[in-house]
Number of protein chains: 4
Amino acid sequence: MQSPARLWSGVAATGSTFRAHIHAILRHSDNTPGGRRWRSLHLFILGAGLLAAALSSVDGLPTLVDRLLEAVIVLVAVVFLAEYALHLWAAPESPRYGGLSDANARLRWALSAPGLIGLLAVLPAFAITTTAVKADSDLAAVFCILWILKLSVHAPAMGTLARVISNERATLASVLIVFVIVLVAAATATHFFERGGQPQEFGSLPAALWWAVVTLTTTGYGDVVPHTVGGRMVGSVVMVSGILVLALMTGILATGFAEEERRREYLRVWDQVVKVPIFTELGTVTLSEIVSKLRVRHYPPRFVVVRRDEPGDSMFFISDGEVEVRLPREPVRLGQGGFFGEMALLDRLPRSATIVTTQPTTLLVLYASDFYEIASHIPSLVAAVEKEARRRRQENEAGAATAAGGAD
Amino acid sequence: MQSPARLWSGVAATGSTFRAHIHAILRHSDNTPGGRRWRSLHLFILGAGLLAAALSSVDGLPTLVDRLLEAVIVLVAVVFLAEYALHLWAAPESPRYGGLSDANARLRWALSAPGLIGLLAVLPAFAITTTAVKADSDLAAVFCILWILKLSVHAPAMGTLARVISNERATLASVLIVFVIVLVAAATATHFFERGGQPQEFGSLPAALWWAVVTLTTTGYGDVVPHTVGGRMVGSVVMVSGILVLALMTGILATGFAEEERRREYLRVWDQVVKVPIFTELGTVTLSEIVSKLRVRHYPPRFVVVRRDEPGDSMFFISDGEVEVRLPREPVRLGQGGFFGEMALLDRLPRSATIVTTQPTTLLVLYASDFYEIASHIPSLVAAVEKEARRRRQENEAGAATAAGGAD
Amino acid sequence: MQSPARLWSGVAATGSTFRAHIHAILRHSDNTPGGRRWRSLHLFILGAGLLAAALSSVDGLPTLVDRLLEAVIVLVAVVFLAEYALHLWAAPESPRYGGLSDANARLRWALSAPGLIGLLAVLPAFAITTTAVKADSDLAAVFCILWILKLSVHAPAMGTLARVISNERATLASVLIVFVIVLVAAATATHFFERGGQPQEFGSLPAALWWAVVTLTTTGYGDVVPHTVGGRMVGSVVMVSGILVLALMTGILATGFAEEERRREYLRVWDQVVKVPIFTELGTVTLSEIVSKLRVRHYPPRFVVVRRDEPGDSMFFISDGEVEVRLPREPVRLGQGGFFGEMALLDRLPRSATIVTTQPTTLLVLYASDFYEIASHIPSLVAAVEKEARRRRQENEAGAATAAGGAD
Amino acid sequence: MQSPARLWSGVAATGSTFRAHIHAILRHSDNTPGGRRWRSLHLFILGAGLLAAALSSVDGLPTLVDRLLEAVIVLVAVVFLAEYALHLWAAPESPRYGGLSDANARLRWALSAPGLIGLLAVLPAFAITTTAVKADSDLAAVFCILWILKLSVHAPAMGTLARVISNERATLASVLIVFVIVLVAAATATHFFERGGQPQEFGSLPAALWWAVVTLTTTGYGDVVPHTVGGRMVGSVVMVSGILVLALMTGILATGFAEEERRREYLRVWDQVVKVPIFTELGTVTLSEIVSKLRVRHYPPRFVVVRRDEPGDSMFFISDGEVEVRLPREPVRLGQGGFFGEMALLDRLPRSATIVTTQPTTLLVLYASDFYEIASHIPSLVAAVEKEARRRRQENEAGAATAAGGAD
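Residues numbered from 1 in each chain as written. Chains lettered and ligands numbered in written order. Predicted model: local features only at pLDDT ≥ 70, side-chain atom pairs only at ≥ 80, totals over all residues. Heavy atoms only, no water.

Caption draft 1: Region of interest: empty space enclosed by the protein. Within this structure, the stated rule accounts for four cavities of 30 Å³ or more. Lining the largest cavity we find 20 residues, and of these Leu 246 of chain A, Thr 218 and Leu 246 of chain B together with Thr 218 and Leu 246 of chain C sit closest to its centre. Counting residues per element, the ones that place at least two in the lining of the largest cavity are helix H13 (229-273) of chain A, helix H13 (229-273) of chain B, helix H13 (229-273) of chain C together with helix H13 (229-273) of chain D. Residue composition of the lining of the largest cavity, by class: nine nonpolar, eleven polar and no charged. (1 Å grid on protein atoms, 1.4 Å probe; cavity = no way out; pocket = protein on both sides within 12 Å on 5 of 7 lines; lining within 4 Å. Points joined across faces, edges and corners; volume = space filled by probe spheres on them. Helix = DSSP H or I, 4+ residues; strand = E, 2+ residues; numbered from the N terminus. Nonpolar A, V, L, I, M, F, W, Y, C, P; charged D, E, K, R; others polar.)

Next up, the structure:
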């Protein structure tokens, strides 16, 4: 567990007001150490709360354990209450409510999706103290399950998923309609074949539909199974159809996902590329071509990005953070705008030094397969990279000559 | 439920004959409010009819409920009878039967797929009043299940799915043949291993085949399970093969789907692009390149397309409908042929205003990742967009200067 | 069932020797009516034989049915014996054994995969008459199951599947090794948790492995289920891993399949494109670009390729066969090298006539999305298409003027 | 089994020190015959050890079998001990520890992942002789299961898989969070519906969660099944969600895999292309374009690469090894840098000769679909290929004229 002092320490580094800090941290969009610590803590509290709620629904636990679980639930609810109050207070900082009065901005936030989820998460704190609810420990537990909705803020790519499903909704709906037609047809057919032998399981259409769903999704509980030859033939067709439906859905989502991911990555790269001088000197059209070839990678501190003597297939541009090049004599540090790993692409040599991040670092990766394609279109970029590479190699050689007899 | 008066209100807006209106609406291809209302109503009636039919097959319901369900079924059947009669009457309006006499066109429609499905859906209306059928409430229910076929008209992308499966039929057939070979081989092998211990379950090849189907599709009811070491080894191989078969089918359909979807989208965009003057001024070759980069999106009324201060990754061209730009002073409306959101691409700024549709609107979306690629090929388009953008910005600034002190 | 006279009628049409005909037909590569009839008949005989073999393994059938099934099996075996003998006799016609003596070619074929499968399929004919085998009707049935191998000749895309799996074998093997590691780890962990409570089901590692396979493939028979909390947690992880393994395999095969399919289609188009004069006039480099845009489609006789007044998204080139254009006055026939449907691409008009194949026809399809891309690179092709289109339109208009007052 | 003499024979062929040989072989990166033999032997020993360990956990085996299995386990453990010792001794040869003292390099290796896995695999050798462990044969068996980790060295594409999962981790995590939300919501809902009727199975949330996991992964053991209408409706939604989750995961991994595979193949080709003079004469930019079109294929000795008279769709460049062209008169051998199969691309002719590898051979394959694209960009390469082809054809014709009357 982090001490509160350390938890907020990252906040002071930025230069804006306290309320804006709190807002940025609570929106989970803050990338300072303080923001990251809050995210970890939030996830931990959420997990603890959910676990306690789930366990408290088990009957016959010792009273002590029951008391303990209840204490955890109340504690978590109090934290979420505090979070809700803080978020409500800081809501006017949101750019979405820019230009509105503070009260108006708060009301709007309270009625937005995150606001309502926050309110739902707070309710158990009050409900659990009510006698009527408390009597049925089960009900209390279920109440807390609303906390699961808070988990959604920890899924950064949820937007991509939602957009893919939204873009492909017409096709997905068609697959679902095929699914329903197969379902109803199969249930009716099996109902005919099996109702004589198994009136309990296949005697009515709703009962037969249950079997059809369980079979078409290839779940196959086995609680209801056809016994006649006709029923088994229908069943076989339904199972194979289930595989086809799954394949169709996968095909649709894979296609949509590939397109959406390409667009998202393009925007992510564009946000980073403007921090690297070697790119910003290029014109917009040239730049847009490079952007589609770069990939963004976020690394934690002390991460080994490249390792000495390993073969390399990419070069890196630093758009945020800092790395340490572990050269034989003394380490060199490269900051924002620097680049490294170019020798692997220019001369197909193994990495000449191990390179490690010193802080959370965002790198733009350019792979060998794209480097040469760019090389033929934008010779100026390659020239700049080559010039810097030549300078470094000379420096290395000069250093090696001086340090002759030292480490290899 | 809509009143009939409102239901048909959208029809009067178009300028052609009454029979043509009815035909367009019944074919579910009409995009006027009247057409959309009919589609929703049709889906609701269909759902009610199917539910009533399914429930009426449950034994031991109170007589009152049974009577009620029967009433719903008869009502739905009457609606479908009316729909069938109307469609038959309006059939000569179909361009497919252009040049034929009315009687001939109606006969042809009656024999086409939608005509036959319509007839099948009407039959229960008569059958259910027959004593022989009525005696067995089950049979009546099953009869109504034919209505499920009407659901297929609500699946707009059914054509895409059918074409993908048709294009890939040779490869899918090969996977199915592999499937059958594995099935028969596995059933035979397990039959050998298990027939001693489980003569009931594995004593004959057809019985063993049932186990093999249930296993190869990874459904796994568990009603028949191998007990010998040999049988379990065969079973393990069959399960892994099942995963491979599913993966192969998905691979085939995903590949085919990506290609077909690209073609469909191209045609959809082409149909819309001709309504936007900024595009129609371009030559066919240039236009065909842009068409492959645009995406069609349909939005309902009062849909927030872009939100103020959010980052943007796309610009929009209006090919149908109207949007309202919520500017600080007074909202501005943009109609067919207009475009918005270009500042996000030109200057990488967040959205400067919230934009909402005022009616069902079709937009052509151009994403940032494609904008710059087009920019380098077709400078004239970008110049036109930039000119309009400059005009708007000046207007905004002039307005902001006048309204200084007002809302931000 | 076809009469033998009709069955062979298509053979006489081609101009080579009788033995070569037989060989082409038996190899299932012959596309004449005779060849297609033989393929259908072969599939029917194969199906009948397999069905009879499977049913004869059921115990307690009436003697008459048993006799009948046996008769079918013997009959099918005799047909396969005749096929084997004919194939052996015609083997020297294979280009693969060109230059070898007849006897040598036959020996080589007998030792090749199709030869050995053919021999295996013939064996039951002799085995079934042996008393020892006959006593156990089961054994006889199983013997006939070897016929399933003959099914593989009916899977035209088997080669594509095999090549995809072969190309991706290193990656697939890695997924399988991950699969095995998860399997063994899960079995060991559950063995620890469950062996106390369920010594029968989880008491030894091999028994626990059976549970792990059934769970990791998400088959889930339910014959062995963990009851402890630890066992269920391991089980949950195994199920989710199963989904991941399936997703990985699908991803690998989808990627490989897309690449292989592109190559195969390229070769298929190339084989057809040389029959169309409008293409063969182009240089090799230009041609190779068009080839990658065309798609091959095979149609049976009397198939409606395009329907009057429907919107069109493609044009067609006839590389084999013939179509009938159903023009208002009199139908026109287009043979090899002809093309149609170009107006849909040039003027975005609906189809002006229904077009139906008169015999098995192979068409090259060019979709709208590719047409304009080609148009900008190869103006000569588009010019040729446009010239022909203009000629046709004039003809149509002239005809319409003459036939004024007739059918529209 | 190989004799030790043969096993090491391939080692002498390379020109470096003995310790370096041992190191290369133990790292499984050695492609000499010695290295390949060691890999096969290692896999065989590993399999034998795992099998013996698994079987020894079965109760009630005869004492003799138990003794035998124990002997195998000890033997395998001894081999792994020897491997560990050798690897520790040879560790300083690793380029990763270049510049460190021998002792330091060994320590580092011992603490690396392969070092620790090696140590874990050795431990059973000592543990099994301890009385405490030996008493519980089960425990001994489980101990040996650690050997499964050694299997990972046999999965060459493990790195690709790991990188795909790492690149897509944000999206995969979001899908997993959706998975957890659906899971908890479904468990809670079913808990409500079913706890009355099935207090044992659905009475607490953890119990309901077990059902939800089994259902959402479509495993469907059937040990816990909802009986109420509400529970079954929730169950149906969960099963369909399960299919969607699987489809989403597959879509994500398929997209990521396609991109990663393209990059890996590019590097693999680049490593081979430098060995073929016809390519190295080209400039870097031209070369980089060709590299993206070539594919690397490894073949074992005596593999038939192309077969006479079969249609061809590719040409081959030899980057390693040797092939034999089986010409009618006398076979010709082609070594590193040679190419063949070009006539299939230039003249669309069937293969003129069967070509077989004489040793493990690496070929670069250029498919027809890519050949013409390259042809239009790099005429010099095609000219070189055509010149050689013309030379060969003349030689063939001259030979055929001389050998007239011989084999065709």
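Caption draft 2: Geometry of the interface of chain D and chain A. Of the residues lining the interface, 57 residues belong to chain D; the matching set on chain A comes to 55 residues. Between chain D and chain A the total buried area reaches about 5,000 Å² when both faces are included, carbon and sulfur atoms providing 70% of it. Taken together, chain D and chain A are joined by three salt bridges. Between Arg 295 of chain A and Glu 259 of chain D there is a salt bridge, with its nearest N and O atoms 2.4 Å apart. Linking chain D with chain A are six residue pairs in polar contact (both at pLDDT 80 or more), by the criterion used here. (Contact = heavy atoms within 4.5 Å. Buried area = accessible area lost by both parts, 1.4 Å probe. Salt bridge = Lys/Arg side-chain N within 4 Å of Asp/Glu carboxyl O. Polar contact = N/O pair within 3.5 Å; in protein donor to acceptor, adjacent residues only side chain to side chain.)

Caption draft 3: Just the pairing of strand S3 (residues 314-320) of chain D, in detail. Residue and element names in this part refer to chain D. With six of seven residues buried, S3 is to be regarded as a mostly interior element. In the sheet, S3 pairs with strand S6 (residues 339-340) via two bridges, with the strands oriented antiparallel. If you follow Phe 316 over to S6, its bridge partner there is Phe 340. (Buried < 20%, exposed > 50% of the residue type's maximum accessible area, 1.4 Å probe, protein only. Pairing = 2+ DSSP bridges.)

Caption draft 4: Looking closely at the sheet that holds strand S2 (residues 304-306) of chain C. Residues and elements named next belong to chain C. Spatially, S2-S7-S4-S5 is the arrangement adopted by the four strands of the open sheet, whose pairing is antiparallel. Looking at which strands have only one partner, the edges of the open sheet turn out to be S2 and strand S5 (332-334). With strand direction ignored, the average angle separating the axes of adjacent strands in the sheet is 30°. Judged from the three bridges that link them, strand S4 (residues 323-326) and S5 form a sheet pairing that is antiparallel. What sits directly across from Glu 324, in S5, is Arg 333. (Axes fitted to C-alpha atoms, helices over the stretch in contact; angles between N-to-C directions.)

Caption draft 5: How the structure looks around the side chain of Thr 190 of chain A. As for its position among the elements, Thr 190 of chain A is in helix H10 (residues 169-194). Non-local contacts of Thr 190 of chain A, meaning those with residues more than four positions away in its chain, are made with Arg 195, Phe 202, Trp 211, Pro 226, Gly 231 and Val 234 of chain A.

Caption draft 6: Spatial organisation of a nonpolar patch on the surface. All names here are of chain A. Taken together, Leu 107, Leu 111, Leu 116, Leu 119, Leu 120, Leu 123 and Leu 149 make up a surface patch of nonpolar side chains, about 570 Å² in accessible area. Every element with two or more residues in the nonpolar patch is listed here: helix H5 (102-111) and helix H6 (113-127). In terms of residue count, H6 provides more of the nonpolar patch than any other element does, four residues in total. (Patch = residues over 30% accessible without salt bridge, like charges linked within 9 Å, V, L, I, M, F, W, Y side chains within 5 Å. Areas by Shrake-Rupley, 256 points an atom, 1.4 Å probe, with all protein chains shown as cover.)

Caption draft 7: The relation of the copies chain D and chain A, seen in detail. Structural alignment of chain D on chain A gives an RMSD of 0.1 Å, achieved by rotating through 90° and translating 0.0 Å along the axis. Here the transformation between the copies is reduced to the relation of a four-fold axis. Both copies present different contact surfaces, since only 11% of the interface residues of chain D are interface residues in chain A too. (Least-squares fit on C-alpha atoms with pLDDT ≥ 70 in both.)

Caption draft 8: Fine view of the layout of surface pockets. Quantified by volume, the second largest pocket comes out at close to 1,500 Å³. Among the secondary structure elements, those contributing two or more residues to the lining of the second largest pocket are H13 of chain A, helix H10 (169-194), helix H11 (199-202) and helix H12 (205-216) of chain B together with helix H3 (33-56) of chain C. Here the lining of the second largest pocket takes ten residues from H3 of chain C, the largest share from any one element.

Caption draft 9: Quick look at the relation of the copies chain C and chain D. The two copies are related by a screw motion: chain C maps onto chain D through a turn of 90° and a shift of 0.0 Å along the axis, at an RMSD of 0.1 Å. The fraction of interface residues of chain C whose copies in chain D are also interface residues is only 11%, indicating that the copies meet through different surfaces.

Caption draft 10: The arrangement of the packing of helix H10 (residues 169-194) of chain D against H13 of chain D in detail. Residues and elements named next belong to chain D. Where H10 meets H13, the axes come as close as 10 Å, and the angle between the chain directions of the two elements is 175°. Viewed along their axes, H10 and H13 adopt a mutual orientation that is roughly antiparallel. Taken together, the residues of H13 that come into contact with H10 (itself represented by Thr 171, Leu 172, Val 175, Leu 176, Phe 179, Val 182, Ala 186, Ala 189, Thr 190, Phe 193 and Glu 194) are Gly 230, Gly 231, Val 234, Val 238, Ser 241, Val 245, Leu 248, Met 249, Ile 252 and Leu 253. Residue composition of the contact of H10 with H13, by class: 15 nonpolar, five polar and one charged. (Parallel < 35°, antiparallel > 145°, perpendicular 65-115°, else oblique.)

Caption draft 11: Up close: the packing of aromatic side chains. The final tally for this structure, using the stated rule, is 36 aromatic pairs over all chains. Between the aromatic rings of Phe 202 of chain A and Trp 211 of chain A, the centroid separation amounts to 5.7 Å while the plane-to-plane angle is 65°, which identifies the pairing as edge-to-face. One exposure class covers both Phe 202 of chain A and Trp 211 of chain A, and it is buried. Between Phe 317 of chain D and Phe 339 of chain D, the ring centres sit 5.8 Å apart and the planes meet at 45°, which makes this aromatic pair tilted. Here Phe 339 of chain D lies in strand S6 and Phe 317 of chain D lies in strand S3, a separation of 22 residues in the sequence. Side by side, Phe 317 of chain D and Phe 339 of chain D carry an identical accessibility label, which is buried. Taken together, the ring pairs connect Phe 279, Phe 317 and Phe 339 of chain A into an aromatic cluster. Directly above the ring of Tyr 367 of chain B sits Arg 263 of chain A, whose terminal nitrogen or CZ lies 3.5 Å from the centroid. (Phe/Tyr/Trp six-rings, centres within 6.5 Å; stacked < 30°, edge-to-face > 60°. Lys NZ or Arg CZ within 6 Å of the ring centre and 35° of its normal.)

Caption draft 12: A look at the pairing of strand S1 (residues 295-299) of chain D. Residues and elements named next belong to chain D. With respect to burial, S1 is a largely interior element, four of its five residues being buried. When S1 meets strand S8 (residues 361-367), the two strands line up antiparallel, connected through five bridges. Counted as the bridge partner of Arg 297 is Leu 363 from S8.

Note that every value here comes from positions in space, so none of it alone points to a role or purpose.
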